[in-house]
Each structure stands twice: as structure tokens, then as C-alpha cells.
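# Coordinates in review
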Amino acid sequence: MSKKTLGLNTICTHVGEIKDEQFKGAVSPIYLSTSYEFDDVEIKRYPRYFNTPNQEFLAKKIAALEHTEAALIFGSGMAAISHMFLAFLQKGDHIVVQNTLYGGTSNFIREEFHKYGIEYTFTNGYAVSDFEAAIQSNTKLIHIETPSNPLLTITDVKGVAKLAKSKGIVTTIDNTFASPINQNPIDLGIDIVMHSATKYLGGHSDILAGAVASSQEHIDRIWNVSKNLGGSLSDMTVWMLERSMKTLALRVKAQNKNARKLAKFLEGHKDVSKVYYPGLKNHPEHELAKAQMHDFGAMLSFELVEEMDAMSFMKQLNLIKPSMSLAGVESTMLLPSQTSHALLSQEQRDAVGISNQLIRFSVGIETYRDLKFDINQAIINTKTTTFA
Ligand SMILES: *Cc1c(COP(=O)(O)O)cnc(C)c1O
């Protein structure tokens, strides 16, 4: 049976497991060796070569989920991004990147690329025409991120992939926010998919990891650079990631469902002035999201009305945790104006639509009514403390 014909939960549970031939145990054994017998195979097993049994087998699960031939697992999402970029870019090359980009990726480009003589352009917007306008004769890569952080804009994945293909440019996507459960960019024409596995793939806020999935040809090219840069993941954590991924589809689907209900609830709340969620009909790219995603994900943002202090609201939450990261089974919120976008001036924040009232919500798997209750009581208590 081909992997594509297996159901999602079967892939999550079983693809890439290592059979315990010796003791017939139920789960994959961990192989912690950093030293393997010297034989005449071309590439020796070594953790930095991404080819220990646990690394190799888990990569199969990620490849199956992203409909690719191959995958590599990294020590962090940033290791995945940086190794991927450096595999395709060299001195004199140019990359086009979406303007609304994960902060770490943006920093990597702005702080490191000039050292390598790599040119870059951040797009003015996220329409296909914005990408087209940024392309130069030396453009080798286009990198997109959709849904974006924190305003959940949706980029036309097929449109960008088609544009790039017509010019012989390789495309990469950060698929972290969607997870492979909600979006498979390879099927939309993208060449290489990457994930911060720290987020949904790990899902329990206890693993730092990354992954890249693509054709064997592209993966070989990335591997050649990655073995020199050395960003692989330890087998102990690879094993934990495999265990976490068994419930990936279950978790993400539960999170999607909660997020859809909470987006509707917030949209109807009189103290909430705006909700950003691609699953809502009034989201500007709702139809596009519907066409290219399997579901709308569990990340959303909302703005409280002007009279309510967002920081006070955050302090009133009991169940939902204020947290920098996202995608765990537990619900978390953060204020982009105080965290990811804190270093920008008020004018710069206004220009990118990050108001002081904006709250990013990573929806977990808790019971919906408990999450709704927590938000409601936090709003009521914010009002009474503010106006008392
Ligand atoms: C967290 C994150 C990253 C970086 O991943 P790390 O595992 O923290 O290195 C990249 N992209 C997105 C969208 C993220 O949320």
C-alpha cells in the first residue's frame, strides 16, 4: 500500500516506526549510538549526517505527511530554515521573501546575508503581484509564509509557485502555522516545505526541532550543506518527536475545531472589535484559504475595544497562559506589541497593522466552554478593575 493511500491517523501512528525485532516491543527503540561499525557503505551512519535509524525513520513520517519523497529533521526550526536557504543561495544570488515573516527568519536574513554577499528583498505585500515586482534577474529563491504571524494573512500558494516556476525560481514555504494536517504546499506546486517542529509537530511545548520536506533531489542538496553546518537533532529528541507526532492529526483537528468556535464567539463579542481568522467569512482571503487549506488552523488574533487595556486582560486570564510560543495542546495568548513587535516604533507597528489592542491566540485542546468562560471572566474583570 502506498503511503498516500493510508489515512492521516495511520500515517501519524505508524509510518516511520522502527520495528523492535529483538524484543517485540510496541514502540520504536531509541538508537543513541554516535559510532557505527565501519563497513563499505558509501555514507556512514553518524548523527550529524542525519542518518541514524531514528532520524531516518522519523523523516519518513514527515515526508509521508507532506507528500514528499524525503525529509530531514533539524535541531530547531531556524536550523531548518538557515540550512535550507544556504543550500540554495550563494554570493551574488537574490532571494524574495514575504514581508510578514517569522521574526527569527527575518533577523537571520537581515543580520547574516550581507556576510555571504546574498541579496534579499522583502515584498511590499503578500499578493502574487508583490512577489513578481520583487523578482530580479539573480533571484534564486522565493520564500513564503501562510497563514502569516500574527495577522493570519493568506498568500496564494499556487499563484506564487506558478510565477516562480515560470522563471525557474525555487520556492520554499514555512508551513509551521498550518501544520501538514491543514495544508500540503507540495500539492500546490511549492518545491520545499519547512516546519518549526517546536510548534504543532511537537505539540506539547517541550521539544525544539525543525524539519524540511521535499523531493530527494532537493533534500540531497540541502543535506550536502547541512552536514557541514551541523544542525541535526539528537536521537533522544527525535524519539520524543516521533511519540508526539502519533497524535498530531488528533490534536490539530481538536485545535481547529476549538479555534473555529472561539473565532465565532469572539466575533460576536461586544468588547472585541476585530477578529483575524481565515475561517471567518469576512476574512479577506477566506475563499483562498478554503481552496488551498484542508482546514483553517488553530491560530487566530483579535483586538479588544479601545477602552480595554490588553495587558490587564492578559493578567486576568486563569486558564489560558500568557506565552511566547505557540501550537501546544495548552491554549496561550500573547501581545505582539509587547513581544514579537516590541522593537518597532508605534508608527512602524501601525504600518504593519499591529495595534496595542491586538492579542494572538494559540488555541489548544481544552474543553471549549472552559476557554470561552476564561475569556469572558477576564473581560468582565478587566472592566471592573479599569472602571472601579
Ligand atoms: C517558531 C517558528 C520558527 C522558528 O522555529 P524554532 O524551532 O524556534 O527555531 C519558524 N517559523 C515559524 C512560523 C515559527 O512559528
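Refer to the structure presented above.
Counting from 1, residues in each chain are numbered in the order their sequence is written. Under the rules for a predicted model, residues below a pLDDT of 70 receive no local features and side-chain atom pairs below 80 are neither given nor counted, while totals for whole chains, interfaces and linings still include all residues. Working from all heavy atoms in the structure, the side-chain values ignore hydrogens and water.

## Things to note about the site of the ligand
- In the vicinity of the ligand there are 15 residues, among which G77, M78, D174, T198 and K199 approach most closely.
- Pairs of N or O atoms are called polar contacts if they sit within 3.5 Å, as long as, within protein, a hydrogen donor faces a hydrogen acceptor (for residues adjacent in sequence, only side-chain-to-side-chain pairs). Between the ligand and G77, the relevant distance is 2.8 Å, taken from an oxygen atom to a main-chain nitrogen or oxygen of the residue.
- Within the backbone of M78, one N or O atom sits 2.8 Å away from an oxygen atom of the ligand.
- Accessible surface is estimated by sampling points in the Shrake-Rupley manner with a 1.4 Å probe; for residues, cover comes only from the protein chains shown. If the ligand stood free it would expose 380 Å²; the protein chains cover 93% of that surface.
- Residues are grouped as follows: nonpolar covers Ala, Val, Leu, Ile, Met, Phe, Trp, Tyr, Cys and Pro; charged covers Asp, Glu, Lys and Arg; every other residue, Gly included, is treated as polar. Residues belonging to the shell around the ligand are distributed by class as follows: 7 nonpolar, 5 polar and 3 charged. Think of it this way: one heavy atom of a residue within 4 Å of a molecule or strand is enough to make that residue near it.

## A word on the pattern of salt bridges
- The term salt bridge refers to a pairing of a side-chain nitrogen on Lys or Arg with a carboxyl oxygen on Asp or Glu at a separation within 4 Å. By the definition in use, this model includes 9 salt bridges.
- Of the charged contacts, one joins D93 and K140 as a salt bridge, the two residues approaching to 2.9 Å between their closest N and O atoms. Of this pair, D93 sits in the loop between helix 3 (77–88) and strand 2 (94–97) while K140 sits in strand 4 (residues 139–145), and the two are 47 residues apart along the sequence.
- Between buried and exposed lies partly exposed: a residue is buried under 20% and exposed over 50% of the maximum accessible area for its type, with that area taken using a 1.4 Å probe on protein chains only. Relative accessible area serves as the criterion here: at 8%, D93 is assigned to the buried category. Segments assigned H or I by DSSP are reported as helices when at least four residues long, segments assigned E as strands when at least two residues long, and all are numbered from the N terminus.

## Some words on the packing of aromatic side chains
- Here a pair means two rings of Phe, Tyr or Trp (six-membered ring of Trp) with centres within 6.5 Å. Their orientation is stacked below 30 degrees between planes, edge-to-face above 60, and tilted elsewhere. Scanning the entire structure with this criterion turns up 11 aromatic pairs.
- The interplanar angle of 65° and the centroid separation of 5.2 Å between the aromatic rings of F50 and F74 together place this pair among those described as edge-to-face. Here F50, found in the loop between helix 1 (8–14) and helix 2 (53–65), pairs with F74, found in strand 1 (residues 70–74); they are 24 residues apart in sequence, far enough to count as distant.
- The buried category is assigned to F74, whose relative accessible area is 0%.
- Considering the side-chain rings of F302 and F313, the 6.2 Å spacing of their centres and the 90° angle between planes classify their relative orientation as edge-to-face. Placement of the pair is F302 in strand 9 (residues 299–304) and F313 in helix 12 (residues 310–316), with a sequence separation of 11 residues.
- Since its relative accessible area comes to 0%, F313 is described here as buried.
- Here the aromatic cluster, defined as three or more aromatic residues joined through ring pairs, consists of F85, F108, F113, Y120 and F122.
- In this scheme, Lys NZ or Arg CZ marks a charge over a ring once it lies within 6 Å of the ring centre and within 35 degrees of the ring normal. Between K60 and the ring centre of F57, over which it is positioned, the NZ or CZ distance is 5.1 Å.
- Residue placement shows R110 over the ring face of F122; its charged tip is 4.0 Å from the ring centre.

## Some thoughts on the sheet that holds strand 2
- A pair of strands is treated as paired once DSSP finds two or more bridges between them. One open sheet accounts for 7 strands, arranged 1-7-6-5-4-2-3; its pairing is mixed. Edge positions in the sheet fall to strand 1 and strand 3 (119–122), since each has one partner strand and no second. Strand-to-strand twist of the sheet, defined as the mean angle between neighbouring strand axes without regard to direction, takes the value 20°.
- Summarising the sheet, strand 1 and strand 7 (residues 210–214) pair through 5 bridges and their orientation is antiparallel. Within the sheet, the bridge partner assigned to L72 lies in strand 7 and is V212. Between N-to-C directions, angles cover 0 to 180 degrees, with each direction set by a line fitted to C-alpha atoms, over the stretch in contact for helices.

## Some details on the pairing of strand 7
- By the criterion of burial, strand 7 is predominantly enclosed, with 5 of the 5 residues buried.
- A two-sided burial pattern is seen for strand 7, the buried positions comprising G210, V212 and S214 on one face and A211 and A213 on the other.
- Two elements, strand 6 (residues 192–196) and strand 7, share 4 bridges in a ladder whose sense is antiparallel. By the bridge assignment for strand 7, S196 is matched with G210.

## A short note on helix 6 (residues 157–166)
- Residues V157, G159, V160, A161, L163 and A164 constitute the buried set of helix 6.
- Capping the start of helix 6 is the job of one residue whose side-chain oxygen sits 3.4 Å from the backbone nitrogen of K158: D156.
- G168 sits one or two residues past helix 6 and shows a positive phi near 70°.

## Here we look at the nonpolar core
- Nonpolar cores were defined as sets of buried Ala, Val, Leu, Ile, Met, Phe, Trp, Tyr and Cys residues, with membership established by side-chain atoms within 4.5 Å. L241, F302, F313, M333, F361 and I375 are the most contacted members of the largest nonpolar core, which totals 66 residues.
- Among the elements that make up this core, the one with the highest residue count is helix 10 (residues 248–267) (8 residues).
- Not counting the four nearest positions on each side in its chain, F361 is found in contact with L262, L266, A298, M299, L300, F302, I320, S331, T332, M333 and I375.
- Counting residues in hydrophobic clusters, the runner-up holds 29 residues, among them F88, I109, I222 and W223. The contact rule is simple, with two residues in contact once any of their heavy atoms fall within 4.5 Å.

## Observations regarding the sheet that holds strand 11 (residues 332–334)
- Spatially, the 5 strands line up as an open sheet ordered 8-9-12-11-10, and their pairing is mixed. Each edge of the open sheet is held by one strand with a lone partner, namely strand 8 (272–276) and strand 10 (321–322).
- Both strand 9 and strand 12 (residues 358–362) contribute to a ladder of 5 bridges, which runs antiparallel. Looking at strand 12, one finds that S301 is bridged to R360.

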